[in-house]
Amino acid sequence: NAGVMQNPRHLVRRRGQEARLRCSPMKGHSHVYWYRQLPEEGLKFMVYLQKENIIDESGMPKERFSAEFPKEGPSILRIQQVVRGDSAAYFCASSPNLGVWGTGELFFGEGSRLTVL
Amino acid sequence: GQQLNQSPQSMFIQEGEDVSMNCTSSSIFNTWLWYKQDPGEGPVLLIALYKAGELTSNGRLTAQFGITRKDSFLNISASIPSDVGIYFCAGQLRETSGSRLTFGEGTQLTVNP
């Protein structure tokens, strides 16, 4: 049973370009979460999605950042007009569909490391 | 928002020693999770706790959910070199935050052979 798959693992962008990060949840999981981790810090919540719905985006910056989880295909975290401060590791996690709030157990992918030059 | 204080920030121990780290919160959680992260990898779930007072073991790891619901600790017994990594606590309060996890800042563990 494959785990959470993220790609690309590493992405380099120049300031002003767009970054697209993709996440395929574990098989049977319909809840997806995106977290950001700066060097030597903990993970900070960004957004929680179910298929075709954004449930909680309270951790997402209001501008330049967007996320989607379409009916078919992976979840996408999109960062427009990237700036140096966007450089970080972006982790996706998934959990099973057990009620509105899923379960406490989130399973993480390997992360996508974004470097903005 | 909720904040987690995780301590110690780092630990340097000898192989075979026991380790203890803990997390405290300014508010209650109804789930506590402990993760380990190796360099360049994603966090891996070690132990999940769902009930105040619960004590759970996973091999050499033991974790407890504090009775006040505001703290948790993780113990590692008889440490080995592969225990090296960053350990994160995470709390969840589903009534207000759904499945969102709040993470501590991590404990960096170094084990000297």
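Residues numbered from 1 in each chain as written. Chains lettered and ligands numbered in written order. Predicted model: local features only at pLDDT ≥ 70, side-chain atom pairs only at ≥ 80, totals over all residues. Heavy atoms only, no water.

S.K.: Pulling in residues and values, what's your account of the overall build of chain A?
M.R.: Within chain A one finds 0 helices and 11 strands. When its helices and strands are written in sequence order, chain A yields β-β-β-β-β-β-β-β-β-β-β. Here the C-alpha radius of gyration of chain A, 13 Å, is about what a compact globule of 117 residues would show, namely 13 Å. Along the first, second and third principal axes, the C-alpha atoms of chain A reach 40 × 25 × 25 Å. A total of 117 residues make up chain A; the buried ones form 44% of that total. Of the contacts formed within chain A by residues at least 6 apart in sequence, a portion of 54% connects residues at least 24 apart. In chain A, the 16 positive side-chain charges and the 12 negative ones have mean positions that sit 7 Å from each other. (Helix = DSSP H or I, 4+ residues; strand = E, 2+ residues; numbered from the N terminus. Rg over C-alpha atoms; globule rule 2.2 N^0.38 Å. Buried < 20%, exposed > 50% of the residue type's maximum accessible area, 1.4 Å probe, protein only. Contact = heavy atoms within 4.5 Å. Lys, Arg positive; Asp, Glu negative; His and termini not counted. Charge placed at Lys NZ, Arg CZ, Asp CG, Glu CD.)

S.K.: Give me the lowdown on the pairing of strand β5 (residues 43–50) of chain A, citing residues and values where you can.
M.R.: All names here are of chain A. A large share of β5 lies buried, amounting to 6 of its 8 residues. Here strand β4 (residues 29–37) pairs with β5 via 7 bridges, running antiparallel. In the strand pairing of β5, Gln37 is matched with Leu43. Hairpin geometry of β4 and β5 is characterised by an intervening segment of 5 residues between the two adjacent antiparallel strands and by a positive phi of about 60° at Glu40. Summarising the sheet, β5 and strand β6 (residues 53–56) pair through 3 bridges and their orientation is antiparallel. Its bridge partner lying in β6, Tyr48 is registered against Asp56. Connecting β5 to the antiparallel partner β6 that follows it, the hairpin turn spans 2 residues, and Glu52 within it adopts a positive phi of roughly 65°. (Pairing = 2+ DSSP bridges.)

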